[in-house]
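Observations on the three-dimensional arrangement
Here is what each chain is made of, one letter per residue.
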Amino acid sequence: MKFASTLAVWVPLLVPCLALAAESAPRASIPQRHLALLREHCQKCHGGNLAEGMFRIDTLPPTITTLETAERWQKVLGALNSGEMPPADEPPLNNQAKADLLDDLTRAMVVARKALSDQHGEITMRRLNRREYRGTLQDLLGVEANVNELPADAGAGAFDTVGSNLFMSGNQFEQYLALGREALDEAFERQAAAAEQRRLRYETENSTPLLAKLHASDLDAKRRGEAWIKAVEAAAAKPENAAIVAEIRKTAASDAIFRRSWAKIPGAPSPESFGFDTGENNADKANRAAGNTFMHPYREYYLKQPRLDEGAYLTINNGDFNSWITLLVPFNWPVGDYRVRFRVAATEQAPPERRFIEFGIHPRHGQVMTVHHVVGTMDNPQVIEVPLTLTRRHGERDNRTLFIREKGTADHIDQQRRRFNEGMKRSGIGPEFALWVDWLEIERVPTAGDPLPPGLAALDVPLTDKAPPPSPEELRTALARFAETAFRGQPATPQFIDRLVKLYELRRVAGDKHLAALKETLAVVLASPRFLYLAEPATDRQRRPLSDLELATRLSYFLWGMPPDRQLLELARRGDLRQPAVLARETERLLKDPRVSGFARPFVHQWLDLDRLDFFEVNGNLFPRFDDSVKLSVRREVHESFGLLLRDNKPLSNLLQADYVVIDGVLASYYGIAGVTGDEFRPVPLPAGSPRGGLLGMGAIHVMGGNGEQTSPVERGAWVLRKLLNDPPPPAPANVPQLARLAGKLLTTRERLVLHQEQAQCASCHRKIDPIGLGLENFDAAGQWRVEDSYQLLTTGGKPDPKLVKTWQIDAAGALHDGPKFGDYFELRQIIAAKSDSFARGFSEALIEYALGRPCGFSDEPLVEDMLKRARERNFAPREFIHALIASSAFQTK
Amino acid sequence: MSTPTSRRVFLKSSTALVALPALESLVRGRAAAAPASTNPPPKRAIFLGFGWGVTESTWYPNIDQPGTNYDLPAGLQPLARHRADFTVVQGLWNKYSNEGHWGSTMWLTGANRYAQTGQSFHNSISADQVAAAQLGQQTRFPSLQLTGSDSAGGSGHGPGLSLAWDVRGKPIGGQSTPVEAFHKLFSSDSTPLEQQQALLAEKRSVLDTVLENAHDLKRGLNSSDNAKLDEYFEGIRDIETRLAKEEQWLGVPRPRPSLAEPKPGLVGREEIRLMYDLIVAALQTDSTRVITYRQPVSTLLTSLEIRVHPHDMSHYHTVLGEKLDASQRRDQAQSELLAGLIDRLKATREADGSRLFDHVALAYGSNIRTGHSLDNCPTLLAGGGAGIKLGHNLVVPKGTPLCNAWLTVLQGLGVSAEKHGDSTGVLKDLVG
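The model shown is predicted, which means the values in this text are computed figures rather than measured ones.

**Here we look at the overall build of chain B**
A tally of helices and strands in chain B yields 13 helices and seven strands. The C-alpha radius of gyration of chain B comes to 22 Å, within 12% of the 22 Å expected for a compact globule of 432 residues. Expressed along its principal axes, the backbone C-alpha trace of chain B runs to roughly 60 × 55 × 45 Å. Within chain B, buried positions represent 53% of all 432 residues. For chain B, the proportion of contacts with a sequence separation of at least 24, taken over those separated by at least 6, is 72%.

**What to know about the overall build of chain A**
Of the regular secondary structure elements, chain A holds 34 helices and 17 strands. Projected onto its principal axes, the C-alpha coordinates of chain A cover approximately 105 × 85 × 55 Å. For chain A, the residues scored as buried account for 42% of the 894 residues in total. Intrachain contacts of chain A at a sequence separation of at least 6 include 72% that bridge at least 24 residues.

**Here's the deal with the sheet that holds strand β4 (residues 290–294) of chain B**
Residue and element names in this part refer to chain B. Taken together, the seven strands give an open sheet; going across it, the order is β3-β4-β1-β5-β6-β2-β7, and neighbouring strands pair in mixed fashion. Both edges of this open sheet fall to β3 (144–147) and β7 (393–401), since each of them pairs with a single strand only. Between one strand axis and the next, the sheet turns by 15° as a mean value, whatever way the strands run. Relative to β4, strand β1 (residues 44–49) runs parallel, the two sharing five bridges. Its bridge partner lying in β4, L48 is registered against Y293. Packing against the sheet, helix α8 (residues 269–284) makes contact with β1, β3, β4 and β5 (360–365), and its axis sits at approximately 175° to β4.

**Considerations on the interface of chain A and chain B**
At the junction of the two partners, chain A supplies 68 residues and chain B supplies 57 residues. Secondary structure elements with two or more residues in the side of chain A that touches chain B: α3 (67–82), α4 (95–116), α6 (170–192), α16 (494–509), α18 (529–532) and β14 (788–794) of chain A. Looking at the side of chain A that touches chain B element by element, the count peaks at seven residues for α16 of chain A. Residues that form the side of chain A that touches chain B fall into these classes: 38 nonpolar, 21 polar and nine charged.

**Examining the environment of D460 of chain A**
Mapped onto the secondary structure, D460 of chain A falls in the loop between α14 (454–459) and α15 (472–486). Taking the C-alpha atoms as reference, D460 of chain A lies 9.0 Å from E474 of chain A; in sequence the two are 14 residues apart.

**Let's talk about the nonpolar core**
Among the nonpolar cores identified, the biggest contains 192 residues, and L435, V437 and L885 of chain A are the most heavily contacted of them. No other element matches the nine residues that helix α31 (residues 836–852) of chain A contributes to this core. Excluding anything up to four places from it in sequence, V437 of chain A contacts T204, G311, A312, L314, I325, F342, V344 and I404 of chain A. In this structure, A45, M106, L278 and L362 of chain B belong to the second largest nonpolar core, which totals 92 residues.

**As for the pairing of strand β4 (residues 325–328) of chain A**
All names here are of chain A. Side chains of β4 alternate between two faces, with I325 and L327 buried and T326 and L328 left unburied. In this structure, β4 lies alongside strand β9 (residues 401–406), joined through four bridges in antiparallel fashion. Note on β9: the bridge partner recorded for L328 is T401.

**Re unusual backbone geometry**
Residues and elements named next belong to chain A. Each neighbour pair has its own omega, and for M85 with P86 the value is -10°, a cis peptide bond. Within the element layout of this structure, P86 appears in the loop between α3 and α4. Although it is not a glycine, D818 adopts a positive phi angle of roughly 55°. Inspection of the secondary structure puts D818 in the loop between β16 (814–815) and β17 (821–822). When the 7 C-beta atoms within 10 Å are taken as the criterion, D818 is described as exposed. In this model, F876 sits at a positive phi of 55°, which is unusual for a non-glycine residue. If you trace the backbone, F876 turns up in the loop between α32 (861–873) and α33 (878–887).

**Details of the confidence of the model for chain B**
Residues and elements named next belong to chain B. Averaged over all residues, the pLDDT of chain B equals 86, while 90% of them reach at least 70. Predicted confidence for residues 1–37 stays below pLDDT 50, and this span has 39 contacts to residues more than four positions away or in other chains. This complex was scored by the predictor with a pTM of 0.81 and an ipTM of 0.82.

**Some details on the sheet that holds β4 of chain A**
In sheet architecture, strand pairing relies on hydrogen bonds along the backbone and comes in two forms, parallel and antiparallel. All names here are of chain A. Read across the open sheet, the four strands follow the order β4-β9-β6-β7; overall the sheet is antiparallel. Looking at the sheet topology across the chains shown, the edges are occupied by β4 and β7 (368–373). Direction aside, neighbouring strands of the sheet carry axes that sit 20° apart on average. With five bridges joining them, strand β6 (residues 356–361) and β9 adopt antiparallel strand pairing. Bridge assignment links G360 to a residue of β9, and that residue is F403. Across the sheet, helix α23 (residues 628–648) lies against β6 and β7, angled at about 85° from β7, the strand it touches most.

**What to know about helix α5 (residues 178–186) of chain B**
Residue and element names in this part refer to chain B. Among all positions of α5, only P178, A181, F182 and L185 are buried. Summarising the axial view, the buried residues of α5 lie within an arc of 100°, below the 170-degree limit, and thus occupy one face. As for α5, its buried residues are in contact with β3 and α8.

**Section: the pairing of β6 of chain A**
Residue and element names in this part refer to chain A. Burial of β6 is extensive: six of the six residues sit out of reach of the surface. Neither face of β6 is exposed, since F356, E358 and G360 on one face and I357, F359 and I361 on the opposite face are all buried. With five bridges joining them, β6 and β7 adopt antiparallel strand pairing. Bridge pairing in β7 places F356 opposite H373. Hairpin connection from β6 to β7: six residues lie between these consecutive antiparallel strands, with H362 at a positive phi of about 75°.

**Considering the packing of α31 of chain A against α32 of chain A**
Residues and elements named next belong to chain A. Between α31 and α32, the least distance of the axes is 10 Å, while the angle of their chain directions is 125°. When the axis of α31 is compared with that of α32, the two are oblique. Between α31 and α32 lies a crossing whose hand is right-handed. In this structure, α31 contributes A840, R841, S844, E845 and I848 to the contact, and α32 contributes L863, V864, M867, L868 and A871.

**Remarks on helix α30 (residues 825–833) of chain A**
Residues and elements named next belong to chain A. Of the positions making up α30, those classed as buried are Y825, L828, R829 and I832. Taken end-on, α30 shows its buried residues confined to a sector of 100°, consistent with a single buried face. Of the surrounding secondary structure, the elements contacted by the buried residues of α30 are α26 (713–724), α29 (760–775) and β17.

**Re the packing of α16 of chain A against helix α17 (residues 514–525) of chain A**
All names here are of chain A. Relative to each other, α16 and α17 sit at 145°, their axes nearing to 8 Å. The element α16 and its partner α17 pack so that their crossing is right-handed. Every residue of α17 that contacts α16 at L500, L503, Y504, R507 and R508 is listed here: A516, A517, L518, E520, T521, V524 and V525. Taken together, the residues of the contact of α16 with α17 break down into eight nonpolar, one polar and three charged.

**So, the environment of R722 of chain A**
Within the secondary structure, R722 of chain A is located in helix α26. In this structure the C-alpha to C-alpha distance between R722 of chain A and L608 of chain A, which are 114 residues apart in sequence, comes to 9.0 Å.

How each quantity is defined
Residues numbered from 1 in each chain as written. Chains lettered and ligands numbered in written order. Predicted model: local features only at pLDDT ≥ 70, side-chain atom pairs only at ≥ 80, totals over all residues. Helix = DSSP H or I, 4+ residues; strand = E, 2+ residues; numbered from the N terminus. Rg over C-alpha atoms; globule rule 2.2 N^0.38 Å. Buried ≥ 20, exposed ≤ 12 C-beta atoms within 10 Å, placed from the backbone. Contact = placed C-beta atoms within 7 Å. Pairing = 2+ DSSP bridges. Axes fitted to C-alpha atoms, helices over the stretch in contact; angles between N-to-C directions. Nonpolar A, V, L, I, M, F, W, Y, C, P; charged D, E, K, R; others polar. Core = buried A, V, L, I, M, F, W, Y, C linked by C-beta atoms within 7 Å. pLDDT = per-residue confidence, 0-100. Arc of directions from axis to C-beta. Parallel < 35°, antiparallel > 145°, perpendicular 65-115°, else oblique. Left-handed = near helix turned anticlockwise from the far one by under 90°.

Pasting the structure below:
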């Protein structure tokens, strides 16, 4: 089979033909019974030479093989969907028959579009996408470029590797120049500081006297404020002042506002005389000092805690009084790799769900970067270490200020208030302290002895202005070596190097020193087409096998999103890489390397549409437990679950159903699974009857299937069809008349979705989508299990109307369209898990599109079959698919 | 593809051809400060696109009240003071559009996504770029593309980098924040002239270097790869054209803006308002004559403190309630903003004392009507630049190409176009 398909590729290419009947492509045909229906209803007006609107249905070929036929059928579909045809004065189509017709016609259009856009195996040259560009600079120069300014790559719902969506423009060229320059700046700066070692520790007990002083001074201000108020009131109470006091009181909304006018009251003292002397309104200051004592009990409680002479507690507060502990990295510390450490303990009274600490940068507005499970005790605190890379972007104070804080206490000001008030309600003081911190430190890791990144190693000229600049010959050689490395092993032409040398000289003449001129010159290399494009020379007449070097490049960009490393290049140069055994061994090596995250993360993210996770904020008032750290962890759960399968080569069907979950301490707490400590994601066995295990049990999937407040059964159902069952519903049709009959009615979700069945245009897809979505209703919009749901109507003013609420028990039972019935979520999951063949096929098609950078067409059917055949022998283990794909002629042919 | 040398020669000669305007236009370029010029004010075009369409029931005038005597619907109420100065056209669509979430991708192009065998995406030149090819020759920037700072998908725009697509149907990027746009238009360059010249020479030298590399790469490629590499050549060519233009404008100071540098970080309603201010400032200073703005919708909702997701909002039909409310408030806010822009266009005077508004053709709309409906695309035209009939509720036969409206506007602006997209002719009722 494989041999045959390999042979087939070497025949000279024909002009891409439109014959859809070729190979195993399904025919985009409209079944006979629908044609009869259309004839019956449409031919009277749309037949013959005098057809209405010049549109003839009698000459419409039943099989779509050309763009022209596709457009004509699209018109029929459009007219039916919009309800424009049949016209109101003609007999309507039977609803069921119409739904079936629309279903089949829509399907035929999808097949036709796919067939007509089939690239027949041809892979068009493409530029590096954003993340490959970043990965390539990372590899070449050892720095991370900020690629956010480059235009986003994903378009029209395809993977970011699909070349036809990867454009280039003048603007973008200039961005590449600028980004290359920045990356070189950073790389040179890192190199210059390679030997630097720094360390700074903040002992948190240093905060204790400051907090004590702050509180004492506030108490003093309170006393002075009260005294001033008393004096003003005494003056106001004097009978001779009654008239003026009455006059002021007329417009004053409160006592505090009344006291603002103290100066009008004879005998009332100034706030300044009580020590309130600022540039602002001092009466307000005095009022506030006296009245704003809400936090005082909490502060006093803090200052009475034990072990404040050794450390500090993390509080829940509005920013001061240790609601976060910070450390400013000194401004003169260079870019490079750092380690942040903190020594921390959970207090005795800390409940399990509060034993987590967050680390991040920019205390006031920065989001949590990492979250850690605190298992250290007051007797035996633990040290947590976080690696951190500081770059030129960390220049401003805020971007150099590290923080640690308790998890879920400062995502948002509302959350802070809610958490504080909960504690206040419980104790009358404020939330108990859950975490104690001994110290927070940062240390710079010197990299002087480490091997240089390949780009810098290739230069081999002084990267400083202190040494004498290189001779013209040395420079020329350096530029040639750098270009060859940047171009992934392909040497540059001498003419190109000539021009680079000229550019360098131009800069030197203009007054640049060596290093600046070198940077400008190298930045041009990094904006050149041989760097930016993954090019494979070819002729129009014949397909050819890839060269070893090209194969190495395809392989490493597929599995790492980075250029080939030294070993791959070496094997390619020796001409060994294309030997099947060597290629398979290298594939394994790449798959086992940590850099495989350069494949797994972007692939999984796009394959499963995880983008949606960032479309909405989960409403913190409705779902207080779903904080930013939980969001980090639910996202990682998806990646770690796939990562585990990839690492251990376990069956892909574990993503449909599994008796384990891959979680960290945060998620164990969120899911209510006992006995999991620490930050590492690891497989944890599930108790019988758990709804977790597999994608359908993951928080991220259910959050994506909602809007942060309510679930969306349609989103969820469509996602399952697209991603798990490989039966994607066609894109939502245009121009379908909207139904408003049930608007504003108090109904259950299921009752509302019934509307979809009433009209054929909706029913044709929703009869497949909705039952699945409704079967997942036991998961709320934050991914937690529930048995009850409710719907709240709003008044005309947009406020919730307490009288208009309906609550119901969730009934997940249903049946797949033309398929088996299920009584609840568990049975639905069972039915889906039984379709692991469909899932594996969808996975294969996604891999093909991702790896080859073009849509998976019908002409890829033999390759899909090959991949499935090999993987099936190993229980659909993911690495088998990848091996089969890499071994295929499609992967190895230009 | 020519060699670098011959292409430079070509560019030089073509530059010579377009380089004529010199003094007069430069004087006019600073019209705000300059005394009245004898030339009539130039014509300008503004295209404002929003993604998710409008509220069907409260935005469109009643089609049974065509003409000038129609009841202004609630969604357009904020524009009441301008009702004699805009026309709503009903019945237009892009017949090839099938994507219910693409409010902007084909709005100004009318292209068929599937027009090319072997490709799943195709687009063609947008109306603004047709205008820019002609109106853009005498200004510092041939056209300006502004976009919202939010994600295009969330705002229902569909693929693309702005509303603009170039002559080959490739997306054109733009400025996504008021700060960026301000700097592009008004940041002055204090470098001495000789240094600026040297800098231009160096930039050309950089381009020659990468072109050398591109030609080397090109030699081995097959035809489809070559077509891909052409994007790179075109990109470089665009920069060369721009450098030629920069050379032509060397020593001409940037105009003084009529507004202060915007504060960073503004989103939603304030962002749109500022972008509108920048549009007026750009036209007033004659920095460009063609502007598109792909407006943010998702952040507009956030700034109105609406928590409904924008896509959800566009499906208000089934549940009404807060989604309908959000949709209507969105219409209100957008109409208020537009009314403010028209105010400023009217208040701004040309060198001859006439109103800027009278020399502008402004189009405001979306490829999406509401929900997934792509027929009767909301279309509001204003300004006197294209000589179209204003003050009307114009109802054209259902299924009239939206591109007929674009063609009418283009011809009205004096652009020599005979056809645009799938146009079948001009909208006679719009000019008659």
